[in-house]
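# Inside the fold
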Amino acid sequence: MIKLNPKLNVVLEYIAIAFGAAIMALGIGVFLVDAKVVPGGVSGLSMSVHYLTGLPVGLMIWVLNIPLYIWGVKELGKEFGIRTFVGFTLNSFFIDFFRGDIPGLSFIRLQDTPTIKNLQQNDFMFLILIGAALLGLGLGIVFKFKGTTAGSDIVAAIMQKRFGVKPGMAIMITDFFVILLAGFIIDFKDLAGDRSAVTLTFYALFLLVISGRLVDVIMDGFDYARSVNIISDKNEEIANAIMDDLSRGATAIKARGLYRNIDREILTTVVTLKELSKLLNIIKKVDPKAFVTVSNVHEVMGEGFRKRI
(Lines give C-alpha, C1' and ligand atoms only; values in the text may rest on other atoms or scores of the structure.)
Protein backbone atom coordinates (compact mmCIF):
# COMPACT_ATOMS: atom_id res chain seq x y z
CA MET A 1 0.00 0.00 0.00
CA ILE A 2 1.38 3.42 -0.95
CA LYS A 3 1.75 5.78 2.01
CA LEU A 4 1.15 9.43 1.18
CA ASN A 5 3.21 12.24 2.62
CA PRO A 6 1.29 13.60 5.65
CA LYS A 7 1.24 17.14 4.22
CA LEU A 8 -0.04 15.88 0.87
CA ASN A 9 -2.67 13.83 2.67
CA VAL A 10 -3.90 16.96 4.47
CA VAL A 11 -4.09 18.85 1.17
CA LEU A 12 -6.14 16.03 -0.37
CA GLU A 13 -8.48 16.10 2.63
CA TYR A 14 -9.09 19.83 2.17
CA ILE A 15 -9.74 19.28 -1.53
CA ALA A 16 -12.29 16.61 -0.57
CA ILE A 17 -13.93 19.01 1.90
CA ALA A 18 -14.18 21.64 -0.85
CA PHE A 19 -15.69 19.08 -3.22
CA GLY A 20 -18.24 18.02 -0.61
CA ALA A 21 -19.11 21.64 0.16
CA ALA A 22 -19.73 22.29 -3.55
CA ILE A 23 -22.03 19.26 -3.90
CA MET A 24 -23.94 20.30 -0.80
CA ALA A 25 -24.25 23.85 -2.16
CA LEU A 26 -25.74 22.52 -5.40
CA GLY A 27 -28.42 20.69 -3.45
CA ILE A 28 -29.33 23.74 -1.35
CA GLY A 29 -28.86 26.62 -3.76
CA VAL A 30 -30.15 25.09 -6.97
CA PHE A 31 -32.77 22.55 -5.87
CA LEU A 32 -34.12 23.59 -2.47
CA VAL A 33 -34.12 27.39 -2.01
CA ASP A 34 -36.71 28.24 -4.64
CA ALA A 35 -38.68 25.11 -3.77
CA LYS A 36 -38.97 26.53 -0.22
CA VAL A 37 -38.08 23.18 1.32
CA VAL A 38 -35.64 23.97 4.09
CA PRO A 39 -32.87 21.52 5.07
CA GLY A 40 -32.83 22.61 8.71
CA GLY A 41 -30.04 24.12 10.74
CA VAL A 42 -28.42 27.42 9.85
CA SER A 43 -29.16 26.75 6.17
CA GLY A 44 -32.88 26.60 6.94
CA LEU A 45 -32.77 29.76 9.04
CA SER A 46 -30.79 31.53 6.32
CA MET A 47 -33.33 30.49 3.70
CA SER A 48 -36.11 31.87 5.91
CA VAL A 49 -34.24 35.17 6.18
CA HIS A 50 -33.80 35.13 2.41
CA TYR A 51 -37.54 34.71 1.91
CA LEU A 52 -38.22 37.64 4.22
CA THR A 53 -35.51 40.06 3.13
CA GLY A 54 -34.06 38.87 -0.18
CA LEU A 55 -30.55 38.72 1.28
CA PRO A 56 -28.30 36.06 -0.35
CA VAL A 57 -28.62 32.65 1.30
CA GLY A 58 -24.89 31.91 1.27
CA LEU A 59 -24.03 35.23 2.88
CA MET A 60 -26.56 34.68 5.66
CA ILE A 61 -25.25 31.17 6.27
CA TRP A 62 -21.75 32.57 6.69
CA VAL A 63 -22.88 35.33 9.08
CA LEU A 64 -25.06 33.07 11.25
CA ASN A 65 -22.36 30.41 11.45
CA ILE A 66 -19.77 32.62 13.13
CA PRO A 67 -21.07 32.10 16.74
CA LEU A 68 -21.33 28.34 16.19
CA TYR A 69 -17.87 28.33 14.69
CA ILE A 70 -16.40 29.93 17.82
CA TRP A 71 -18.16 27.30 19.96
CA GLY A 72 -16.87 24.51 17.73
CA VAL A 73 -13.26 25.70 18.02
CA LYS A 74 -13.52 25.64 21.81
CA GLU A 75 -15.07 22.17 21.90
CA LEU A 76 -13.31 20.39 19.04
CA GLY A 77 -9.92 22.08 18.73
CA LYS A 78 -8.09 24.40 16.38
CA GLU A 79 -7.55 21.86 13.59
CA PHE A 80 -11.27 21.12 13.46
CA GLY A 81 -11.88 24.86 13.56
CA ILE A 82 -9.76 25.45 10.47
CA ARG A 83 -11.55 22.71 8.57
CA THR A 84 -14.89 24.06 9.72
CA PHE A 85 -14.05 27.58 8.59
CA VAL A 86 -12.99 26.27 5.18
CA GLY A 87 -16.08 24.08 4.97
CA PHE A 88 -18.78 26.63 5.78
CA THR A 89 -17.01 29.45 3.92
CA LEU A 90 -16.77 27.39 0.72
CA ASN A 91 -20.32 26.12 1.15
CA SER A 92 -21.59 29.70 1.52
CA PHE A 93 -19.55 30.84 -1.46
CA PHE A 94 -20.70 28.01 -3.72
CA ILE A 95 -24.38 28.56 -2.83
CA ASP A 96 -24.25 32.21 -3.87
CA PHE A 97 -22.00 31.34 -6.82
CA PHE A 98 -24.41 28.77 -8.24
CA ARG A 99 -27.36 31.09 -7.63
CA GLY A 100 -25.64 34.07 -9.29
CA ASP A 101 -25.77 36.18 -6.12
CA ILE A 102 -22.09 37.12 -6.23
CA PRO A 103 -21.54 40.54 -7.85
CA GLY A 104 -20.48 40.18 -11.45
CA LEU A 105 -21.67 36.57 -11.68
CA SER A 106 -25.43 37.11 -11.88
CA PHE A 107 -25.51 35.38 -15.28
CA ILE A 108 -24.94 31.94 -13.71
CA ARG A 109 -28.25 31.33 -11.85
CA LEU A 110 -28.42 27.55 -12.24
CA GLN A 111 -31.79 27.54 -10.48
CA ASP A 112 -33.31 29.28 -13.50
CA THR A 113 -32.26 26.65 -16.03
CA PRO A 114 -35.11 24.98 -17.97
CA THR A 115 -34.42 21.61 -16.32
CA ILE A 116 -34.82 22.93 -12.79
CA LYS A 117 -37.91 24.97 -13.69
CA ASN A 118 -39.48 21.94 -15.31
CA LEU A 119 -38.83 19.84 -12.22
CA GLN A 120 -40.37 22.51 -9.98
CA GLN A 121 -43.54 22.56 -12.04
CA ASN A 122 -43.95 18.93 -13.08
CA ASP A 123 -41.93 16.66 -10.78
CA PHE A 124 -41.56 18.37 -7.42
CA MET A 125 -40.88 15.13 -5.52
CA PHE A 126 -37.98 14.21 -7.80
CA LEU A 127 -36.60 17.73 -7.38
CA ILE A 128 -36.56 17.27 -3.61
CA LEU A 129 -35.04 13.80 -3.90
CA ILE A 130 -32.15 15.17 -5.97
CA GLY A 131 -31.67 18.02 -3.52
CA ALA A 132 -31.68 15.58 -0.58
CA ALA A 133 -29.21 13.26 -2.31
CA LEU A 134 -26.79 16.09 -3.12
CA LEU A 135 -27.11 17.53 0.38
CA GLY A 136 -26.50 14.20 2.12
CA LEU A 137 -23.71 13.16 -0.24
CA GLY A 138 -21.87 16.47 0.09
CA LEU A 139 -22.25 16.62 3.85
CA GLY A 140 -21.14 13.00 4.21
CA ILE A 141 -17.96 13.71 2.23
CA VAL A 142 -17.21 16.74 4.39
CA PHE A 143 -17.67 14.70 7.58
CA LYS A 144 -15.66 11.79 6.15
CA PHE A 145 -12.62 14.03 5.85
CA LYS A 146 -12.89 15.48 9.37
CA GLY A 147 -14.62 18.69 8.38
CA THR A 148 -18.00 20.30 8.84
CA THR A 149 -19.98 23.09 7.24
CA ALA A 150 -20.86 24.44 10.71
CA GLY A 151 -24.50 25.00 11.66
CA SER A 152 -26.08 21.88 13.12
CA ASP A 153 -23.07 19.97 11.77
CA ILE A 154 -21.04 21.33 14.69
CA VAL A 155 -23.68 20.12 17.12
CA ALA A 156 -23.60 16.72 15.39
CA ALA A 157 -19.81 16.52 15.51
CA ILE A 158 -19.77 17.36 19.22
CA MET A 159 -22.48 14.76 19.91
CA GLN A 160 -20.46 12.19 17.98
CA LYS A 161 -17.33 13.02 19.98
CA ARG A 162 -18.98 13.05 23.40
CA PHE A 163 -21.74 10.46 23.09
CA GLY A 164 -20.91 8.40 19.99
CA VAL A 165 -24.12 9.47 18.23
CA LYS A 166 -23.96 9.04 14.46
CA PRO A 167 -23.80 12.43 12.68
CA GLY A 168 -26.86 11.72 10.54
CA MET A 169 -29.02 10.99 13.57
CA ALA A 170 -27.73 14.03 15.47
CA ILE A 171 -28.47 16.28 12.51
CA MET A 172 -32.00 14.88 12.25
CA ILE A 173 -32.70 15.68 15.91
CA THR A 174 -31.31 19.21 15.87
CA ASP A 175 -32.77 20.13 12.50
CA PHE A 176 -36.28 18.87 13.27
CA PHE A 177 -37.13 21.89 15.37
CA VAL A 178 -35.55 24.31 12.89
CA ILE A 179 -37.75 22.89 10.11
CA LEU A 180 -40.87 23.41 12.20
CA LEU A 181 -39.84 27.01 12.89
CA ALA A 182 -39.14 27.64 9.19
CA GLY A 183 -42.53 26.16 8.28
CA PHE A 184 -44.21 28.54 10.69
CA ILE A 185 -42.40 31.53 9.14
CA ILE A 186 -43.33 30.45 5.62
CA ASP A 187 -46.96 30.07 6.67
CA PHE A 188 -47.03 33.35 8.62
CA LYS A 189 -45.62 35.33 5.68
CA ASP A 190 -47.70 33.39 3.12
CA LEU A 191 -44.65 32.34 1.13
CA ALA A 192 -45.74 28.80 0.26
CA GLY A 193 -47.19 29.66 -3.16
CA ASP A 194 -49.25 26.87 -4.74
CA ARG A 195 -48.39 24.45 -1.93
CA SER A 196 -49.32 24.82 1.72
CA ALA A 197 -46.72 25.47 4.39
CA VAL A 198 -47.67 22.16 6.01
CA THR A 199 -46.96 20.30 2.77
CA LEU A 200 -43.57 22.00 2.44
CA THR A 201 -42.80 21.12 6.06
CA PHE A 202 -43.52 17.45 5.36
CA TYR A 203 -41.27 17.64 2.31
CA ALA A 204 -38.57 19.15 4.53
CA LEU A 205 -38.90 16.31 7.06
CA PHE A 206 -38.67 13.81 4.21
CA LEU A 207 -35.56 15.64 3.01
CA LEU A 208 -34.11 15.41 6.51
CA VAL A 209 -34.52 11.63 6.66
CA ILE A 210 -32.99 11.01 3.22
CA SER A 211 -30.02 13.34 3.63
CA GLY A 212 -29.36 12.13 7.18
CA ARG A 213 -29.31 8.52 6.06
CA LEU A 214 -26.91 9.35 3.22
CA VAL A 215 -24.53 11.03 5.66
CA ASP A 216 -24.33 7.80 7.68
CA VAL A 217 -23.87 5.73 4.51
CA ILE A 218 -20.94 7.87 3.40
CA MET A 219 -19.44 7.78 6.91
CA ASP A 220 -19.86 4.01 7.42
CA GLY A 221 -19.41 2.99 3.80
CA PHE A 222 -21.60 0.78 1.66
CA ASP A 223 -21.72 -2.84 2.73
CA TYR A 224 -19.12 -4.64 0.67
CA ALA A 225 -18.59 -7.88 2.59
CA ARG A 226 -20.59 -10.50 4.47
CA SER A 227 -19.87 -12.43 7.64
CA VAL A 228 -21.14 -16.03 7.42
CA ASN A 229 -21.72 -18.36 10.37
CA ILE A 230 -22.17 -22.04 9.54
CA ILE A 231 -23.41 -24.86 11.78
CA SER A 232 -22.98 -28.23 10.13
CA ASP A 233 -22.01 -31.83 10.82
CA LYS A 234 -19.57 -31.48 7.92
CA ASN A 235 -17.63 -28.44 9.05
CA GLU A 236 -14.26 -29.83 8.03
CA GLU A 237 -15.35 -30.41 4.44
CA ILE A 238 -16.91 -26.94 4.22
CA ALA A 239 -13.80 -25.32 5.74
CA ASN A 240 -11.55 -27.05 3.24
CA ALA A 241 -13.78 -25.90 0.37
CA ILE A 242 -13.68 -22.31 1.65
CA MET A 243 -9.88 -22.34 1.81
CA ASP A 244 -9.33 -24.24 -1.45
CA ASP A 245 -12.10 -22.90 -3.71
CA LEU A 246 -12.44 -19.34 -2.36
CA SER A 247 -8.92 -18.84 -0.98
CA ARG A 248 -10.48 -17.46 2.20
CA GLY A 249 -9.74 -18.23 5.81
CA ALA A 250 -12.21 -19.67 8.29
CA THR A 251 -12.40 -19.95 12.06
CA ALA A 252 -13.96 -22.74 14.12
CA ILE A 253 -15.56 -21.54 17.35
CA LYS A 254 -16.36 -24.12 20.05
CA ALA A 255 -20.03 -24.05 21.10
CA ARG A 256 -22.74 -26.25 22.60
CA GLY A 257 -26.03 -26.92 20.84
CA LEU A 258 -28.82 -26.62 23.40
CA TYR A 259 -31.46 -28.44 21.36
CA ARG A 260 -29.40 -31.65 21.09
CA ASN A 261 -27.16 -30.78 24.08
CA ILE A 262 -23.96 -31.67 22.26
CA ASP A 263 -20.62 -29.91 21.84
CA ARG A 264 -19.95 -28.72 18.31
CA GLU A 265 -18.15 -26.02 16.32
CA ILE A 266 -19.48 -22.92 14.56
CA LEU A 267 -17.59 -22.14 11.39
CA THR A 268 -17.26 -18.41 10.64
CA THR A 269 -15.75 -16.64 7.63
CA VAL A 270 -15.88 -13.29 5.82
CA VAL A 271 -16.34 -13.07 2.05
CA THR A 272 -17.03 -10.39 -0.53
CA LEU A 273 -20.47 -9.94 -2.05
CA LYS A 274 -19.30 -11.61 -5.25
CA GLU A 275 -18.09 -14.64 -3.31
CA LEU A 276 -21.21 -15.03 -1.17
CA SER A 277 -23.34 -16.89 -3.71
CA LYS A 278 -20.47 -19.25 -4.49
CA LEU A 279 -20.01 -19.96 -0.77
CA LEU A 280 -23.69 -20.69 -0.30
CA ASN A 281 -23.63 -23.10 -3.24
CA ILE A 282 -20.64 -24.87 -1.71
CA ILE A 283 -22.45 -25.24 1.62
CA LYS A 284 -25.61 -26.56 -0.05
CA LYS A 285 -23.55 -29.07 -2.03
CA VAL A 286 -21.61 -30.36 0.99
CA ASP A 287 -24.44 -30.24 3.55
CA PRO A 288 -27.94 -29.22 2.43
CA LYS A 289 -29.08 -29.36 6.07
CA ALA A 290 -26.48 -26.86 7.33
CA PHE A 291 -27.72 -23.89 9.35
CA VAL A 292 -26.30 -20.64 7.92
CA THR A 293 -26.57 -16.98 8.97
CA VAL A 294 -25.31 -14.06 6.87
CA SER A 295 -24.58 -10.60 8.28
CA ASN A 296 -23.59 -7.26 6.72
CA VAL A 297 -20.02 -6.09 7.24
CA HIS A 298 -19.13 -2.38 7.01
CA GLU A 299 -15.38 -2.69 7.55
CA VAL A 300 -12.74 -5.40 7.22
CA MET A 301 -9.13 -4.90 8.27
CA GLY A 302 -6.94 -7.75 7.12
CA GLU A 303 -5.38 -9.58 4.22
CA GLY A 304 -7.53 -9.99 1.16
CA PHE A 305 -9.82 -6.99 1.68
CA ARG A 306 -9.42 -3.42 0.48
CA LYS A 307 -9.17 -0.72 3.11
CA ARG A 308 -11.83 1.93 3.56
CA ILE A 309 -10.94 5.55 2.85
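Look above for the structure.
This section reports on the structure supplied with the text. (Residues numbered from 1 in each chain as written. Predicted model: local features only at pLDDT ≥ 70, side-chain atom pairs only at ≥ 80, totals over all residues. Heavy atoms only, no water.)

Counting buried residues in strand 1 (residues 225-231) gives five out of seven residues, a clear majority hidden from the surface. With seven bridges connecting them, strand 1 and strand 3 (residues 262-272) associate as antiparallel partners. Bridging from a neighbouring strand, Ala-225 pairs with Thr-272 of strand 3. As paired elements, strand 1 and strand 4 (residues 291-297) share seven bridges and run antiparallel to each other. Looking at strand 4, one finds that Ile-230 is bridged to Val-292. (Buried < 20%, exposed > 50% of the residue type's maximum accessible area, 1.4 Å probe, protein only. Helix = DSSP H or I, 4+ residues; strand = E, 2+ residues; numbered from the N terminus. Pairing = 2+ DSSP bridges.)

As enumerated under the stated definition, the model contains eight salt bridges in all. One salt bridge in this structure joins Asp-34 and Arg-99, with 3.2 Å as the shortest N-O distance. In this pair, Asp-34 sits in the loop between helix 1 (6-32) and helix 2 (41-53) while Arg-99 sits in helix 4 (residues 78-99), placing the two residues 65 residues apart along the sequence. Between Asp-233 and Arg-264 there is a salt bridge, with the nearest N and O atoms lying 3.0 Å from each other. (Salt bridge = Lys/Arg side-chain N within 4 Å of Asp/Glu carboxyl O.)

Relative orientation of the contacting elements helix 2 and helix 3 (residues 57-76) amounts to 135°, with a least axis distance of 8 Å. Relative to helix 3, the element helix 2 lies oblique. The handedness of the crossing between helix 2 and helix 3 comes out as right-handed. Contact residues: Val-42, Ser-43, Leu-45, Ser-46, Met-47, Val-49 and His-50 in helix 2; Val-57, Met-60, Ile-61, Leu-64, Asn-65 and Leu-68 in helix 3. For the contact of helix 2 with helix 3, a count of residues per class yields nine nonpolar, four polar and no charged. (Axes fitted to C-alpha atoms, helices over the stretch in contact; angles between N-to-C directions. Parallel < 35°, antiparallel > 145°, perpendicular 65-115°, else oblique. Left-handed = near helix turned anticlockwise from the far one by under 90°. Contact = heavy atoms within 4.5 Å. Nonpolar A, V, L, I, M, F, W, Y, C, P; charged D, E, K, R; others polar.)

Now for the packing of aromatic side chains. Considering all chains together, one arrives at 10 aromatic pairs under this definition. Taking the centre distance of 5.6 Å and the plane angle of 55° together, the rings of Tyr-69 and Phe-85 count as tilted. With a gap of 16 residues between them, Tyr-69 in helix 3 and Phe-85 in helix 4 connect regions that are remote in the sequence. Taking 5.6 Å as the distance between ring centres and 75° as the angle between the ring planes, the aromatic pair formed by Phe-85 and Phe-88 counts as edge-to-face. Taken together, the positions of Phe-85 and Phe-88, both in helix 4 and three residues apart, correspond to about one turn of that helix. (Phe/Tyr/Trp six-rings, centres within 6.5 Å; stacked < 30°, edge-to-face > 60°.)

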